Amino acid sequence: MDPLVTLVIILAVAIVAIAGWFVWQRRRTEQLQASYGSEYTRVVRETGDKRRAESELLKRKERVEHLEIHPLTMEQFNRFTAEWRGVQADFVDAPERAVREADRLVEDVMKTRGYPVSDFEQRAADLSVHHPRVVENYRAARIIAVRHRKGEASTEDLRQAMVYYRELFEDLLEDRESAARAPEREAKRVVHREEAAGRHIEDIRTARGSRADGEVRP
């Protein structure tokens, strides 16, 4: 083959490969932005580099996929809901205690559902995978709680923290993890149905072939 033609082919393949890489990179960015929302922006700002941020978010997703996250039972759901009503009612007379109990209750729900609760930053990172809408609230509520321990938070600040905790608590009661995995499970079911249908058709063809062979045998 002419060396010039070979060179042109190599360049064309390289250009297609580079273009494909850029398309893949853009799609990955769009998917991460859609999945994480404001948490994507926060991590990019915190790391100062989009690639590092996206790598971190992908690691979070991989980590959480290996956790045994499960929905609450009806008994657990009812128990936690009743506890929350008690904590919320307690805010009128003891706002500081109510905020502490709200933080404790959120942690208990996470632990019951299978989330590791080793430290706050890890909890927030794990939550961001399936609960990105409220993880920002979790961080804001924690900041207010820390400010209160330093004597820097007002009663109105504590009221706002309770709002943040309530939104996070209600989101945690929903089985968003299973909902997020539903498309993957449905895709697997479709593949299994198609494979089963293919085997069924093959069995029919085999059976028909056997009958046809029997008809022509002497």
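This text goes with the structure placed above it.
1. A short note on the overall build of the protein
Then step 1. Tallying secondary structure elements over the protein gives nine helices and zero strands in all.
Then step 2. N-terminal to C-terminal, the α/β element order of the protein is α-α-α-α-α-α-α-α-α.
Then step 3. Residues classed as buried in the protein amount to 30% of the 218 residues present.
Then step 4. Taking the intrachain contacts of the protein between residues at least 6 apart in sequence as the baseline, contacts between residues at least 24 apart amount to 62%.
Then step 5. Taken as a whole, the protein presents about 14100 Å² of accessible surface, with 56% of it coming from carbon and sulfur.

2. Section: the packing of aromatic side chains
Then step 1. Under the criterion given, the structure shown has two aromatic pairs.
Then step 2. Ring centres of Trp84 and Phe169 lie 5.0 Å apart, and the angle between their planes is 15 degrees; on these two criteria the pair is classed as stacked. Remark: Phe169 occurs in helix α8 (residues 155-173) and Trp84 occurs in helix α4 (residues 74-90); sequence separation between them is 85 residues.
Then step 3. Judged by relative accessible area, Trp84 falls into the buried class, the value being 6%.
Then step 4. Among the residues examined, Phe169 registers a relative accessible area of 2% and is labelled buried.
Then step 5. Over the face of the ring belonging to Phe80 we find Arg79, whose NZ or CZ atom lies 4.5 Å from the ring centre.

3. Topic: the packing of helix α3 (residues 50-65) against helix α6 (residues 120-130)
Then step 1. Relative to each other, α3 and α6 sit at 90 degrees, their axes nearing to 9 Å. It follows that α3 is roughly perpendicular to α6 by the angle criterion. Residues Arg60, Lys61, Arg63 and Val64 of α3 touch α6, and the partners they reach there are Gln122, Ala125, Asp126, Ser128, Val129 and His130.
Then step 2. Here the contact of α3 with α6 is composed, by residue class, of three nonpolar, three polar and four charged.

4. Description of a nonpolar patch on the surface
Then step 1. Nonpolar side chains collect at one region of the surface, where Leu4, Leu7, Val8, Leu11 and Ile15 lie side by side and expose about 500 Å² of accessible area between them.
Then step 2. Mapping Leu7 onto the fold places it in helix α1 (residues 3-36).

5. Concerning the pattern of salt bridges
Then step 1. Summed over all chains, the structure comprises 18 salt bridges.
Then step 2. A salt bridge links Glu56 to Arg60, with the nearest nitrogen and oxygen atoms 3.1 Å apart. Here Arg60 and Glu56 lie together in helix α3, a separation of four residues that amounts to about one turn.
Then step 3. Take Arg60: its relative accessible area is 8%, and that puts it in the buried class.
Then step 4. Close ionic contact of Lys61 with Glu65 constitutes a salt bridge, the shortest N to O distance being 2.5 Å. Remark: Glu65 and Lys61 occur in helix α3; sequence separation between them is four residues, near one turn of the helix.

6. Notes on the layout of surface pockets
Then step 1. Its boundaries defined by the atoms lining it, the second largest pocket holds a volume of some 170 Å³.
Then step 2. Around the second largest pocket, the lining residues are Glu96, Val99, Arg100, Asp103, Arg142, Ala145, His148, Arg149, Leu158 and Tyr165.
Then step 3. Elements with a contribution of two residues or more to the lining of the second largest pocket: α5 (95-113), α7 (132-149) and α8.
Then step 4. Looking at the lining of the second largest pocket residue by residue, the class counts come to four nonpolar, one polar and five charged.

So, how was this worked out
Residues numbered from 1 in each chain as written. Predicted model: local features only at pLDDT ≥ 70, side-chain atom pairs only at ≥ 80, totals over all residues. Heavy atoms only, no water. Helix = DSSP H or I, 4+ residues; strand = E, 2+ residues; numbered from the N terminus. Buried < 20%, exposed > 50% of the residue type's maximum accessible area, 1.4 Å probe, protein only. Contact = heavy atoms within 4.5 Å. Areas by Shrake-Rupley, 256 points an atom, 1.4 Å probe, with all protein chains shown as cover. Phe/Tyr/Trp six-rings, centres within 6.5 Å; stacked < 30°, edge-to-face > 60°. Lys NZ or Arg CZ within 6 Å of the ring centre and 35° of its normal. Axes fitted to C-alpha atoms, helices over the stretch in contact; angles between N-to-C directions. Parallel < 35°, antiparallel > 145°, perpendicular 65-115°, else oblique. Nonpolar A, V, L, I, M, F, W, Y, C, P; charged D, E, K, R; others polar. Patch = residues over 30% accessible without salt bridge, like charges linked within 9 Å, V, L, I, M, F, W, Y side chains within 5 Å. Salt bridge = Lys/Arg side-chain N within 4 Å of Asp/Glu carboxyl O. 1 Å grid on protein atoms, 1.4 Å probe; cavity = no way out; pocket = protein on both sides within 12 Å on 5 of 7 lines; lining within 4 Å. Points joined across faces, edges and corners; volume = space filled by probe spheres on them.

Remember, this is a structural readout, not a statement about activity or role.
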